[in-house]
Amino acid sequence: MYLKPNPYLHPHLSKNGVLKPEPQQTLDNKEAEVKTMTTSPQSSRMNVSFQINGKTHKISDGEFGPSTSLAQYIREVALLTGTKISCGEGGCGSCIVTVQKDAKDTPRSLNSCLTPVLICDGWSITTVEGLGGRVDGYHPIQEKLSAEGGSQCGYCSPGMVMQLYSWLQEHPNPTKMEIDNILDGNICRCTGYRPILDALKSFASDQDSEWTMPDIEDLKLCKTTGKPCSGDNSCGGRSACHASSRQPGADQVQWFSPSSLDELLATIKGLGQQSRYILVSGNTASGVYKNEGPYDVYINVNKITDLHEISVGDEVVLGANVKITDAINSLENTGNEVFEGVARHMKKIASYGIRNQGSIAGNLMMKHAHNDFPSDVFLSLETAGAMVDIFDENGTVISLPVGELPWADMTRKIIVRIKVNLSMRSGRKNLNSLWNQNLPAAGKAAGEWKYRSFKIMPRSSNAHAYVNAGFLALVDPSSNFRIVERPRLVFGGISANFVHATNTENFLNGRNMNDHEMFMEAMTLLAEELIPEENPVLASPKYRKQLALGLFYKFYLYVLGDSASEAVRSGALDLDRGLSSGHQEYETDESQWPVSQPLQKYEGRIQAAGEAQYVNDIPAAAGELHAAFVLSNTANCDIASVDTDDALAVNGVVAYIDANDIPGINDWKMGAVPEPVFSTGRSEYAGQSIGVIVAETRDIALKAAKLVKVSYTNLGKVVVDMEEALKDPAMVTTMMPPMQYGNCDAAMAAADTVIEGRFRMGSQYHFHMETHVCIAKPTEDGMDLEVPSQDINATVNVVAKVLNTSANSINLGVKRLGGGFGGKINLQNSVATAAAVAANKLRRPVRLWIPLEDNMKMLGKRNPYLFDYKIGFDSNRKIVAIESDIYSEGGWNYNGVDSVFAIVFGQSCYHIPNLKYTAFGVKTHVTAHTATRAPGMCNGHAMLEHMMEHSAAEMNVSALDLRLNNLMMEGSPTLPPPTTLNVPCPIQEMVDQLKVSADYQNRLDSAAAFNQANKWKKRGVSLVPMRYPHTIKGWGIKYNCLISVFAEDATVSITHGGIEMGQGLNTKVRQVVAKELGIDVEMIKIKGTANLTNPNGSTTGGSFGSELNCGAAIKACGILNGNLAATREKLGSSASWQQIITEANTNNVDLCARAMLCPDTDPKLDGYNVWGAVVNEVEVDILTGEMFIVRSDIIEDAGLSTSPQVDIGQVEGAFVMGLGLWTSEEMKFEPTTGAILTKNTWEYKPPAAKDIPQDFRVTLLKNARNPVGVLSSKATGEPALLMSVSVLFAIKAALNASRSDAGLAGWWKLDGPATVEKIHQHAGVAPEQFIF
């Protein structure tokens, strides 16, 4: 078994039995179940029984320990691999299952990767396989997700399906807006979310009438019969105990499951003083604090009914183990200002799956253990004045304010309940109370409780706060908004020990809130109290301080309401992102069908049903071992020693493998600079591979790898910032001679206007949901590999060289990838070579599956860029010359520097008579960067579009007018010289079309009016064109296609040279072959790609794969049709395909055809340009820096799309990935060691479902067939990512309006990514603007 060590159950107690908090991720902890166990240390084994899809599973703690998650059990024991493990942190949603904990419980979603299997006693668990599949029929949700194009790579699809399925069990009549919000914890890197949301919202009670949602009972289908089923096996489906008796090696710990508070206290009291124990509730904390423990004793508290108490009356009481979701449900409809505010704030915690499992006390105890944790439960309850009841081991009750809990001695104590006196906080009027009320005492004014809280995050959802803040005041509006008693000002994210702004609270007592002079005094006091801690992974102290002050001002505006001036009232409000919507337009030619027919993705259904197999879904082979990397943690130094003694002493560890075990070349990259499989004495960057630990299970391997002690010497200066590196000439190199044409120097000297500047853009992690993995198996003729690779031949060649063997000794096949985006072109070879070396040494199969954090530590990402540019214009604002020094950061070497691509794409769609671009590589002490979707291409395009923005600002003209004044024309010079544009430039026509369809001018006018009326909310609009020069010749590209026809039934199987990774390559090949052979697409199946059938084939990347593999398929069809020509002529035109094939086979006609397509040798194929344009509109909260995209309108030239639904998905997915590049995705490094800090879903934030445009419209340009493309098509995988830079300019336009209000004028620079922090810091906000 490869069971992952999960010693991260909530630290409720630590050393010497001290009650430590349960950690968690943005959240806290909740539910768990397990059979009652006696309190005696020598007690019998604990048995656990639960159902998965109606089948009973019985296990014991003798088989499975606390590190075994429910997701692992589902995948590795129940062998239901539809449930995925991607982040292992509860941050991506791929592990979502539906859980009903007892007969009375409401089924809900849950992150199974965080849930210990031993707490599942009595649960009924439904996985995606339990809904439907090929054999029993697909579930309506699975069908709809596939039909809408909501599954591309498919790795996230089961989690999406299960999130909606879970929601419908609890909310059978949901609204579209409710469903729009349920994916707060589900990440999709491929689709851009729009088709997923459309599919899911079709199940809403208020959905559009063209599709009718099935009855809720029809959504509960028996896996066996396909009929409606209650899930209790009453329909007669199969039910049997799982036969597995595998013993993965349970942890040597004790489990207790008391059923009452008395039993719990007795259990704690009976433990030895040296016992390290933990209270297990939901275990959601392990998503954040992964390395807590180890513990000797685990106490499951979920069967203690007193801890689940909820009462709402004069006093609100929440039991310690109340789920956050249940707390929200209990508070949000009380009609009470305070508690509805608490509920609203708790909805911002993590995600539905986490809130469903996390407990109130668990979250509070996370704050106790980690005072710097910005707990939203803590903040919202402390703002409300909540109290906690704590029992010691003797049953003595202690009551504390929530705010004192983080520093309380919790040794052998437990939280029992949380209380807030509702009557003290109520805003609801009660007639009986008023009837009997005496007149207020003299000088004692009545008041209204005003509660407001904020959580400012890097993205829309499932993120911890930069700063969270809560404010509560008893205010008398009739008396100048007098604050009747001391208010509560609570902050998180400032420092570990700062909770209340005590001095400011004291000052405000008795003051009038409409007194602006007093408010400014309070602001001054608050500014003195706010002293944010420095931490390189957090936002800057300056931003956090200013943000906290801005939130205080927001609270004031909220209380003042309509008494504040109309212009500033918007400052009190959160951004109001409405219901997501989308619109798609494209051309189809029915005469060419199935080519150009909008068919759903070939694998869509099996992906949505969890039936699609990925590498890590392959069952373990006999004797299979598991490996885990040992990584360095310091950059730019020598490795003095590696001590593996402790690791090798761990029971179950088999070996330590390092460079000494490599029989061939120690290099997995085969670039100009060797990149070692295992380092041999040097740590170039923190995260470099030193070796692997090989063990009987993955849990053991990961645990032991952390025990390896590495010491370092000769520590050098660590540089992680490109601008810092540029100061050292030794860290910069020229990559090639300047690319130039014309006389740039002379033209620039003669220019009427010359503008110079510097522009930077950051890096980006690929975030393929399937992390890197390899299974290496020694065989009779060499080595079989299972690797998710975009380039199987490169992988084979590298592994062969490392093993010092021949290429034909390595066998590799790939069925599909769970996302790629360039991250599996060569990075997978670091894993493949390491696994192969271990398997070769030990002569046993080895699986090396690296966790998300190790992916992000070890492997490269998008190259950061810096541009120093100069652009000259004549008096007519025509470009006369451009110069730019283009710096691409390569990381610790120059292997992956891709500035040549930035050069070629650095013209965009503009006529530039004279040009000089110089490409540089820059070294830093981080991972060597690598290709990421549109590598260098998006950088070069952004560079020039930034120049146009800068130039327009300096010349005080419209950026769009300047762009349109400088468009290319046929014959304009292009790169590389001496090429020229050989087609007319269609941008003017596309922009004109977009202006109409996007209502551009009206939206510009509306944004201006909005900005005039609102001081603290601003809108910005940007229109940016795009030219994507797609060059297919000169690269030596080769793709093979093999088509086999089976005479028995005339069905067809195809294997081609491309890698399906979500882009719909298989779908397009299938459509093309169906058209060429004249058969139905349902007769065709696509098989995996293998080096045997695709020798010497090329990388699937660069937007080449789909189009050119279709071309190879057409060639193979031509051969096959040639073979069949005589048979067709003999049988006549009325003969069916079956008749033709039967007759041909009888006559020994070859029914297998193979062809290779090479653009370099095919005169019919040539490169071309992809054209596009986009209008982006954003709204920005000036006081916080938050923003959302109001609407995006994209028009892209895709020729005649081979498969419109697929291509629309590619455009949307690329665009949204680009939005992440320009907004929320930011890399941060520890400045002294070089270690990456943004290494997990807790710190790294790709776009979530609510970060996409609220209104998302995509048009594929009509009447634009490509004369040199395959079947008139064009590439769609990468071009749209270039257009996403428009969001940066739209944000800048909104900030210009704010800066204008502040009296700031002139050009200013906004580099990418425009994070929430950067937006705020460039808005021009100053305290004197905080007016009423």
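Just above, that's the structure.
*Asks:* Just checking my understanding: could you explain helix α33 (residues 1204–1222) for this structure?
*Replies:* Helical periodicity: at 3.6 residues per turn, an α-helix aligns residues three or four positions apart in one direction. Compared with an ideal rise of 1.5 Å per residue, which puts 19 residues at 27 Å, α33 spans 27 Å between its outermost C-alpha atoms and is within 8% of the ideal. Counting buried positions over the 19 residues of α33 gives 18, a clear majority of the element.

*Asks:* Explain the nonpolar core here, please?
*Replies:* Note that soluble globular proteins tend to have their nonpolar side chains buried in a common cluster. Counting residues in each nonpolar core, the largest one holds 192 residues, and the members touching the most others are Phe491 and Phe552. The element that contributes the greatest number of residues to this core is helix α16 (residues 541–560), accounting for 12 residues. Discounting chain neighbours no more than four positions away, the residues touching phenylalanine 552 are Phe471, Leu489, Leu508, Phe519, Ala522, Met523 and Leu526. Cys95, Leu265, Met346 and Ile390 belong to the second-largest nonpolar core, a separate cluster that totals 69 residues.

*Asks:* Please clarify how the sheet that holds strand β31 (residues 846–849) should be interpreted in this entry.
*Replies:* Through backbone hydrogen bonds, the strands of a sheet pair up, either in parallel or in antiparallel fashion. Taken together, the eight strands give an open sheet; going across it, the order is β21-β23-β19-β31-β28-β29-β30-β39, and neighbouring strands pair in mixed fashion. Because the sheet does not close on itself, it has two edges, and the strands there are β21 (653–657) and β39 (1089–1090). Bridge count between strand β19 (residues 625–631) and strand β23 (residues 689–695): six bridges; the pairing is antiparallel. Each bridged residue has a counterpart across the sheet, and for valine 630 the counterpart in β23 is glycine 691. Set on the sheet, helix α22 (residues 792–803) makes contact with β29 (782–786), β30 (810–814) and β39; between it and β30 the angle comes to about 155°. Contacting β19, β21, β23, β28 (773–779), β29 and β31, helix α23 (residues 828–842) crosses the sheet at an angle of about 30° to β28.

*Asks:* Which parts of the structure should I look at to understand the packing of aromatic side chains?
*Replies:* When we look at a pair of aromatic rings, we describe it by the centre distance and by the angle of the planes. Tallied over the full model, the rule gives 33 aromatic pairs. Between the aromatic rings of tyrosine 295 and tyrosine 298, the centroid separation amounts to 6.0 Å while the plane-to-plane angle is 85°, which identifies the pairing as edge-to-face. Just as tyrosine 295 is buried, tyrosine 298 falls in that class too. Considering the side-chain rings of tryptophan 1016 and phenylalanine 1330, the 5.8 Å spacing of their centres and the 65° angle between planes classify their relative orientation as edge-to-face. Taken together, the residues span a long stretch of sequence, with tryptophan 1016 in the loop between α29 (1000–1013) and β35 (1017–1030) and phenylalanine 1330 in the segment after α36 (1316–1321) at a distance of 314 residues. In this pair, the class of tryptophan 1016 matches that of phenylalanine 1330, namely buried. Following the ring pairs from residue to residue traces out a cluster consisting of Phe454, Phe471, Phe491, Phe498, Phe519, Phe552, Tyr553, Phe555, Tyr556, Trp1016, Phe1330 and Phe1332. Here arginine 355 stacks its cationic end above the ring of tyrosine 352, 4.4 Å away from the centre of that ring. Its end group placed over the ring of tryptophan 1308, lysine 1292 keeps NZ or CZ at 4.3 Å from the ring centre.

*Asks:* How should the sheet that holds strand β10 (residues 315–319) be read in this particular structure?
*Replies:* If you walk across this open sheet you meet the five strands as β9-β10-β13-β11-β12, and the pairing is antiparallel. Of all the strands in the sheet, the pair left with one neighbour each is β9 (310–312) and β12 (397–401). Averaged over all pairs of adjacent strands, the angle between strand axes in this sheet comes to 25°, irrespective of strand direction. In this sheet, β10 lies alongside β9 in antiparallel orientation, the contact comprising three bridges. What sits directly across from serine 311, in β10, is valine 317.

*Asks:* Teacher, can you tell me more about the pairing of strand β14 (residues 448–456) here?
*Replies:* Burial analysis of β14 places eight of its nine residues in the buried class, which makes it a mostly covered element. Where β14 meets strand β15 (residues 467–476), nine bridges bridge the pair, whose relative direction is antiparallel. Paired with glutamate 448 across the bridge in β15 is valine 475.

*Asks:* Whenever I open this one, the side chain of glutamine 688 confuses me. Can you help?
*Replies:* Here glutamine 688 lies in the loop between β22 (682–683) and β23. Accessibility expressed as a relative area gives 4% for glutamine 688, which makes it buried. In terms of polar contacts, glutamine 688 uses its side chain to reach the backbone amide nitrogen of glutamate 684, at 2.7 Å. Apart from residues lying up to four places away in sequence, glutamine 688 is in contact with Val630, Leu631, Ser632, Pro676, Ser679, Arg682 and Ser683.

Reading the values: the criteria
- Residues numbered from 1 in each chain as written.
- Predicted model: local features only at pLDDT ≥ 70, side-chain atom pairs only at ≥ 80, totals over all residues.
- Heavy atoms only, no water.
- Helix = DSSP H or I, 4+ residues; strand = E, 2+ residues; numbered from the N terminus.
- Expected span 1.5 Å × (residues − 1).
- Buried < 20%, exposed > 50% of the residue type's maximum accessible area, 1.4 Å probe, protein only.
- Core = buried A, V, L, I, M, F, W, Y, C linked by side-chain atoms within 4.5 Å.
- Contact = heavy atoms within 4.5 Å.
- Pairing = 2+ DSSP bridges.
- Axes fitted to C-alpha atoms, helices over the stretch in contact; angles between N-to-C directions.
- Phe/Tyr/Trp six-rings, centres within 6.5 Å; stacked < 30°, edge-to-face > 60°.
- Lys NZ or Arg CZ within 6 Å of the ring centre and 35° of its normal.
- Polar contact = N/O pair within 3.5 Å; in protein donor to acceptor, adjacent residues only side chain to side chain.

Such coordinate-based values are descriptive only and should not be taken to indicate function.
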